[in-house]
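# A look at the structure
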Amino acid sequence: MTALRPLTDADAAVIASWIDSGDALVLWSGKAGFTWPFDGGQLLDFRAADPARRLLVAPGPDGRPLGHVMLRPDGTPRSLRLGLVLVAPEFRGRGHGEALVRAALDAAFAGPDVERVTLGVYAHNHGARRLYERLGFREEEVHAGSVQVGETWWTSVTMALSRPAWLSG
Ligand SMILES: CC(C)(COP(=O)(O)OP(=O)(O)OC[C@H]1O[C@@H](n2cnc3c(N)ncnc32)[C@H](O)[C@@H]1OP(=O)(O)O)[C@@H](O)C(=O)NCCC(=O)NCCS
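From a predicted model like this one, the values you see are computed outputs, not experimental measurements.

The full count for this structure, using the stated rule, is seven salt bridges. Aspartate 11 serves as the salt-bridge partner of arginine 5, at 2.5 Å between the closest nitrogen and oxygen. Classification of arginine 5 by relative accessible area gives partly exposed; the value is 23%. We note a salt bridge from glutamate 98 to arginine 102, for which the minimum N-O separation is 3.2 Å. Placement of the pair is glutamate 98 and arginine 102 together in helix H4 (residues 96-109), with a separation of four residues, close to one helical turn. You can call glutamate 98 partly exposed: its relative accessible area is 24%. Overlapping salt bridges bring together Glu98, Arg102 and Arg134 as one network.

Written out as structure tokens, the structure is:
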């Protein structure tokens, strides 16, 4: 995986094609406001609505997207939010997710004022939680009944990584 680059219009449709159900859409995007059926236009509109949202793509060897991630201000000083973390289904389980998040964290902490990166993950998304823990994120808050999906309420977990933890890791 090479360096992250800004999402292009053509990338958006590719990334949307990786989301195969309404549940997968919520698991990935939480309360971003996307609706099922999902398409690339929603992702482009989401970015256009707030220029502070940095939508980044990890290109594969052929230049086509292999992963996607977002960085945005998280509403507290010196803190960024990581979100919309996604790897193409056929490339999962080979370390690309870890490389993607590492690259995003390098980009985040390249800002000298950034002291923390936070994220939200659903409690039952065990693979994603393990990935974030491997990179040094720690659980800060648990929000029971965060969102209703069908008949079920999903619990979300806020995780955070400090600059010192990132630099020491
Ligand atoms: C979460 C997600 C981004 C992880 O991406 P990924 O590319 O599978 O991540 P990695 O390959 O780095 O790690 C996944 C697993 O593969 C293992 N792995 C990494 N490289 C490997 C290799 N070469 N051979 C075998 N296994 C390997 C990792 O150890 C890890 O194992 P674990 O789940 O037992 O901890 C991906 O599953 C995804 O896009 N999910 C859907 C969207 C989503 O849930 N996003 C997160 C929202 S908070």
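After presenting the structure, the write-up continues.
Volume-wise, the largest pocket comes out at about 1200 Å³. Lining the largest pocket we find 45 residues, and of these Leu27, Trp28, Val85, Asn125 and Tyr132 sit closest to its centre. Secondary-structure elements contributing two or more residues to the lining of the largest pocket are helix H2 (22-29), strand S3 (65-73), strand S4 (79-87), H4, strand S5 (116-122), helix H5 (126-134), strand S6 (138-149) and strand S7 (152-162). Across the lining of the largest pocket, the residue classes tally to 22 nonpolar, 14 polar and nine charged.

A few words on the nonpolar core. Val69, Leu82, Val101, Leu105, Val117, Tyr132 and Phe137 are the most contacted members of the largest nonpolar core, which has 28 residues in total. When residues of this core are traced back to their parent elements, those giving at least two are strand S2 (54-59), S3, S4, H4, S5, H5 and S7. At six residues, the largest contribution of residues to this core is made by H4. Not counting residues within four places of it along the chain, the set of residues in contact with valine 101 comprises Leu82, Val85, Leu131, Tyr132 and Leu135. Core analysis: the next-biggest nonpolar cluster, separate from the first, contains 19 residues, Leu7, Leu25, Val57 and Met70 among them.

Moving on, we come to the sheet that holds S7. One open sheet accounts for seven strands, arranged S1-S2-S3-S4-S5-S7-S6; its pairing is mixed. Because the sheet does not close on itself, it has two edges, and the strands there are strand S1 (5-6) and S6. In this sheet, S5 lies alongside S4 in parallel orientation, the contact comprising three bridges. Opposite leucine 80, over in S5, you have valine 117 as the bridge partner. Of the strands in this sheet, S1, S2, S3 and S4 are in contact with helix H1 (residues 9-16), which crosses S3 at around 105°. In this fold H2 packs onto S3, S4, S5, S6 and S7, with an angle of close to 150° to the strand it touches most, S4.

Let us now look at the pairing of S5. A large share of S5 lies buried, amounting to five of its seven residues. As judged from the seven bridges shared by S5 and S7, these two strands associate in the antiparallel manner. When the bridges of S7 are listed, glycine 120 appears paired with threonine 158.

Contacts to the ligand come from 19 residues, most closely from Val85, Gly93, Gly95, Gly97 and Asn125. Here asparagine 125 contributes a side-chain N or O atom positioned 2.8 Å from an oxygen atom of the ligand. Here an oxygen atom of the ligand sits 2.9 Å away from a polar atom, N or O, in the side chain of arginine 134. The cavity that encloses the ligand is the largest pocket. Mapped by element, the contributors of at least two residues to the shell around the ligand are S4, H4, S5 and H5. The leading source of residues in the shell around the ligand is H5, at five residues. Tallied by class, residues from the shell around the ligand come to eight nonpolar, six polar and five charged.

Rules behind the numbers
- Residues numbered from 1 in each chain as written.
- Predicted model: local features only at pLDDT ≥ 70, side-chain atom pairs only at ≥ 80, totals over all residues.
- Heavy atoms only, no water.
- Salt bridge = Lys/Arg side-chain N within 4 Å of Asp/Glu carboxyl O.
- Buried < 20%, exposed > 50% of the residue type's maximum accessible area, 1.4 Å probe, protein only.
- Helix = DSSP H or I, 4+ residues; strand = E, 2+ residues; numbered from the N terminus.
- 1 Å grid on protein atoms, 1.4 Å probe; cavity = no way out; pocket = protein on both sides within 12 Å on 5 of 7 lines; lining within 4 Å.
- Points joined across faces, edges and corners; volume = space filled by probe spheres on them.
- Nonpolar A, V, L, I, M, F, W, Y, C, P; charged D, E, K, R; others polar.
- Core = buried A, V, L, I, M, F, W, Y, C linked by side-chain atoms within 4.5 Å.
- Contact = heavy atoms within 4.5 Å.
- Pairing = 2+ DSSP bridges.
- Axes fitted to C-alpha atoms, helices over the stretch in contact; angles between N-to-C directions.
- Near = heavy atom within 4 Å.
- Polar contact = N/O pair within 3.5 Å; in protein donor to acceptor, adjacent residues only side chain to side chain.
- Sits in = over half its atoms within 2 Å of the grid points.

By themselves, these are just geometric observations and shouldn't be taken as functional.
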